[in-house]
Amino acid sequence: MRYTKHRRLVSSAIAVTLGATTLAACGSSSDDDSGARSGPVSLTYWTWAPGMDKVVDLWNEGPGKKEQIKVTVKKQASGDTLVTKILTAHKAGKAPDLVQAEYQALPTLVSNDALADISKDVGDAKSKFADGVWQQTTLGTDAVYAVPQDIGPMMFYYREDLFKEYGLTVPTTWDEFADTARELKKESPETDLTTFSANDSGLFAGLAQQAGAQWWSTSGDQWKVGISDDATKKVAEFWGGLVKEGAIDNQPMYTPAWNKALNTGKQIAWVSAVWAPGTLNTAAPDTKGKWAMAPLPQWAEGENRTGSWGGSSTGVTTDSKNKEAAAKFAAWLNTDGDALNALAKESGIYPASTSAQLSGAFTTPPEYFSNQPDFYQKAAEIAQTTAPSAWGPNVNVAYTTFKDAFGAAAKNKSDFVAAVDSMQQDTVADLKKQGFEVAP
């Protein structure tokens with residue numbers, strides 16, 4: 001059977017739930033070497049997470065020794081650089097056994113037949129994760145292409161002391177958020193509630209996700225791009241309006257100027273994710289113990305949903321000669337209590353496993369948030385409300401256009417909705433260029 005790129009991905013696409021027959025009929029990786037073995041096995045794992053070698057040592061000295069499965073860590077760069085390296089190695093039939101992959105990279109790896117379906121070996125792990133998290137590794141199908149490792153549920157951070165000083169109430173809806181920004185400007189014209197950063201496509205994607213956006217889906221054998229859907233335009237119009245009226249700042253984050261604004265109280269809130277305490281510790285060291293965390297504002301009162309900013313998984317490649325052994329390690333790494341505690345300590349991750357979110361390293365708050373003892377309890381509750389995501393095979397193109405189009409719009413305080421349209425057009429054009437069929 002001719003196995004085109006678009007057919008391969010449509011059979012495992014985000015919005016479609018199909019059985020295994022399509023994959024099997026087209027010669028998926030599950031048809032060949034199932035991982036049966038005799039004797040010791042050596043596996044190679046490509047990952048960028050710091051301290052992963054120490055975590056893997058626990059496996060090699062414990063369960064791995066008993067199972068005769070040894071794993072060797074090969075440190076890599078992250079992001080698109082690693083995806084490109086994996087695909088290059090796969091074309092030569094020399095990809096490693098295991099790879100760390102961001103959730104948004106999974107459709108690209110699957111569309112290039114680089115990741116194996118490991119559902120038969122890790123399916124029991126599903127109960128360890130929130131539905132919205134597990135869905136990211138299945139792409140909405142019966143297949144499982146990776147085991148969730150870490151996640152980035154989004155939440156609202158604010159200077160508790162300055163909110164009290166300015167008489168502000170923590171917003172529970174986005175309308176209240178806008179009113180809070182305006183109220184702060186009246187009280188202190190030189191102070192901003194927050195900034196819109198056109199450098200951070202992942203932040204905007206998470207906000208759109210919370211609003212119900214589905215940027216990629218399928219219709220029959222065609223991809224459908226929905227970046228310019230109503231949900232995304234609502235988010236764009238909201239933030240663009242605040243920037244245009246001057247209610248919030250329009251400068252990028254992670255700059256010396258942004259750090260100073262946070263550290264001196266010129267910006268008193270930040271829409272971020274669960275990993276924010278580490279960033280704040282570096283960016284605003286003088287404000288330690290003065291921040292608090294709350295759920296993300298909602299679009300309608302009574303809703304309870306958050307987006308996701310960041311996170312990765314552990315996948316088994318189709319090139320691996322020991323897929324079953326590799327899947328066994330991937331499941332252990334991301335569900336075993338000792339492994340997850342080590343990941344938290346050595347790699348600084350927030351685990352995708354729900355049981356780990358309230359145990360081990362997460363029984364006490366981050367030192368920076370020692371004033372909020374229930375920090376991780378709240379984080380775990382928020383993580384359970386993560387909305388499903390919808391990634392496609394060319395996230396990198398959409399993100400690049402975001403930085404260009406939104407960068408210009410933020411700088412000029414012009415139409416953010418037009419920037420969304422640019423993302424839509426460039427993403428569709430790229431899919432067609434790659435040979436995918438795209439629905440009108």
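Just so it is clear, the model here is predicted, and its values are computed rather than measured.

## Details of the overall build of the protein chain
Next up, step 1: Helix and strand content of the protein chain: 19 helices and nine strands.
Next up, step 2: In summary, the protein chain has a C-alpha radius of gyration of 22 Å against a globular reference of 22 Å for 440 residues, a match within 12%.
Next up, step 3: For the protein chain, the spread of C-alpha atoms along the principal axes amounts to about 70 × 50 × 35 Å.
Next up, step 4: Counting the 440 residues in the protein chain, one finds 57% classified as buried.
Next up, step 5: Across the protein chain, contacts joining residues at least 24 apart in sequence account for 77% of those joining residues at least 6 apart.
Next up, step 6: Element-wise, carbon and sulfur atoms account for 46% of the exposed surface of the protein chain, whose accessible area totals about 17900 Å².
Next up, step 7: The averaged location of the 51 negative side-chain charges in the protein chain is 5 Å from the averaged location of its 41 positive side-chain charges.

## Describing the side chain of Thr191
Next up, step 1: As for its position among the elements, Thr191 is in the loop between helix H10 (174-187) and helix H11 (201-210).
Next up, step 2: Thr191 sits in the buried class, given a relative accessible area of 2%.
Next up, step 3: Apart from the residues lying within four places of it in its own chain, the contact partners of Thr191 are Tyr166, Leu184, Lys185, Gly265, Lys266 and Ile268.

## Brief notes about the pairing of strand S7 (residues 269-273)
Successive side chains on a regular strand alternate, one facing one side of the sheet and the next facing the other.
Next up, step 1: Burial analysis of S7 places five of its five residues in the buried class, the great majority of the element.
Next up, step 2: Side chains Ala269, Val271 and Ala273 of S7 all project onto a buried face; the interleaved residues Trp270 and Ser272 project onto the opposite face, where all are buried too.
Next up, step 3: Where strand S4 (residues 147-159) and S7 come together, five bridges link them in antiparallel fashion. Across the sheet, Phe156 pairs through a bridge with Val271, a residue of S7.

## Looking at the packing of aromatic side chains
Next up, step 1: For the structure on display, the rule yields 40 aromatic pairs.
Next up, step 2: Judged by centre distance (6.0 Å) and plane angle (35 degrees), the ring pair of Phe196 and Phe406 falls under tilted. Pair noted here: Phe196 is in the loop between H10 and H11 and Phe406 is in helix H18 (residues 395-412), with a separation of 210 residues, a long-range link.
Next up, step 3: Look at Phe196 and you get buried, because its relative accessible area is 5%.
Next up, step 4: For the cation-ring pair, Lys85 lies above Trp46, with the distance from its terminal atom to the ring centre recorded as 5.1 Å.

## Quick word on the pattern of salt bridges
Next up, step 1: Under the counting rule described, the total for this entry stands at eight salt bridges.
Next up, step 2: Put simply, Asp421 and Lys233 hold a salt bridge, and the shortest N to O gap is 3.3 Å. Of the two residues, Asp421 is situated in helix H19 (residues 416-434) and Lys233 in helix H12 (residues 230-245); the sequence distance between them amounts to 188 residues.
Next up, step 3: You can call Asp421 partly exposed: its relative accessible area is 26%.
Next up, step 4: Taken together, the salt bridges that share partners define one network made up of Asp179, Arg182 and Glu245.

## Looking at the packing of helix H13 (residues 256-264) against helix H14 (residues 276-283)
Axis angle and axis distance: for two packed helices, these are the angle between their axes and the distance between the axes, and together they describe the pair.
Next up, step 1: Contact pair H13 / H14: the axes reach a minimum separation of 9 Å and the direction vectors enclose 90 degrees. When the axis of H13 is compared with that of H14, the two are roughly perpendicular. Along its contact with H13, which presents Trp258, Asn259, Leu262 and Asn263, the element H14 presents Thr279, Leu280 and Ala283.

## Quick word on the packing of H12 against H19
Next up, step 1: Relative to each other, H12 and H19 sit at 140 degrees, their axes nearing to 8 Å. Considering their axes alone, H12 and H19 lie oblique with respect to each other. Residue-level contacts link Thr232, Lys233, Ala236, Glu237, Trp239, Gly240 and Val243 of H12 to Phe416, Val417, Val420 and Asp421 of H19.
Next up, step 2: Each residue belonging to the contact of H12 with H19 can be placed in one class, and the counts come to six nonpolar, two polar and three charged.

## Focus on the confidence of the model for the protein chain
Low pLDDT means the predicted atomic positions in that stretch should not be read closely.
Next up, step 1: This prediction gives the protein chain a mean pLDDT of 90; 91% of its residues lie at or above 70.
Next up, step 2: Under a pLDDT of 50 for its full length, residues 1-35 has, in the predicted model, 89 contacts with residues more than four places off or in other chains.

## A few points about H12
Next up, step 1: End to end, H12 covers 22 Å across 16 residues, agreeing with the expected 22 Å (1.5 Å per residue, within 8%).
Next up, step 2: Inspection of H12 places Ala231, Thr232, Val235, Ala236, Phe238, Trp239, Gly240, Leu242 and Val243 among the buried residues, and these make up the whole buried set.
Next up, step 3: Residues of H12 that are buried sit in contact with H10, H11, S7, H18 and H19.
Next up, step 4: Immediately downstream of H12, the backbone of Gly246 shows phi near 80 degrees, a positive value.

## Regarding the environment of Ile69
Next up, step 1: When you line up the elements, Ile69 lands in strand S2 (residues 69-75).
Next up, step 2: A C-alpha to C-alpha distance of 13 Å links Ile69 and Ser320, two positions 251 residues apart in sequence.

Criteria and thresholds
- Residues numbered from 1 in each chain as written.
- Predicted model: local features only at pLDDT ≥ 70, side-chain atom pairs only at ≥ 80, totals over all residues.
- Heavy atoms only, no water.
- Helix = DSSP H or I, 4+ residues; strand = E, 2+ residues; numbered from the N terminus.
- Rg over C-alpha atoms; globule rule 2.2 N^0.38 Å.
- Buried < 20%, exposed > 50% of the residue type's maximum accessible area, 1.4 Å probe, protein only.
- Contact = heavy atoms within 4.5 Å.
- Areas by Shrake-Rupley, 256 points an atom, 1.4 Å probe, with all protein chains shown as cover.
- Lys, Arg positive; Asp, Glu negative; His and termini not counted.
- Charge placed at Lys NZ, Arg CZ, Asp CG, Glu CD.
- Pairing = 2+ DSSP bridges.
- Phe/Tyr/Trp six-rings, centres within 6.5 Å; stacked < 30°, edge-to-face > 60°.
- Lys NZ or Arg CZ within 6 Å of the ring centre and 35° of its normal.
- Salt bridge = Lys/Arg side-chain N within 4 Å of Asp/Glu carboxyl O.
- Axes fitted to C-alpha atoms, helices over the stretch in contact; angles between N-to-C directions.
- Parallel < 35°, antiparallel > 145°, perpendicular 65-115°, else oblique.
- Nonpolar A, V, L, I, M, F, W, Y, C, P; charged D, E, K, R; others polar.
- pLDDT = per-residue confidence, 0-100.
- Expected span 1.5 Å × (residues − 1).

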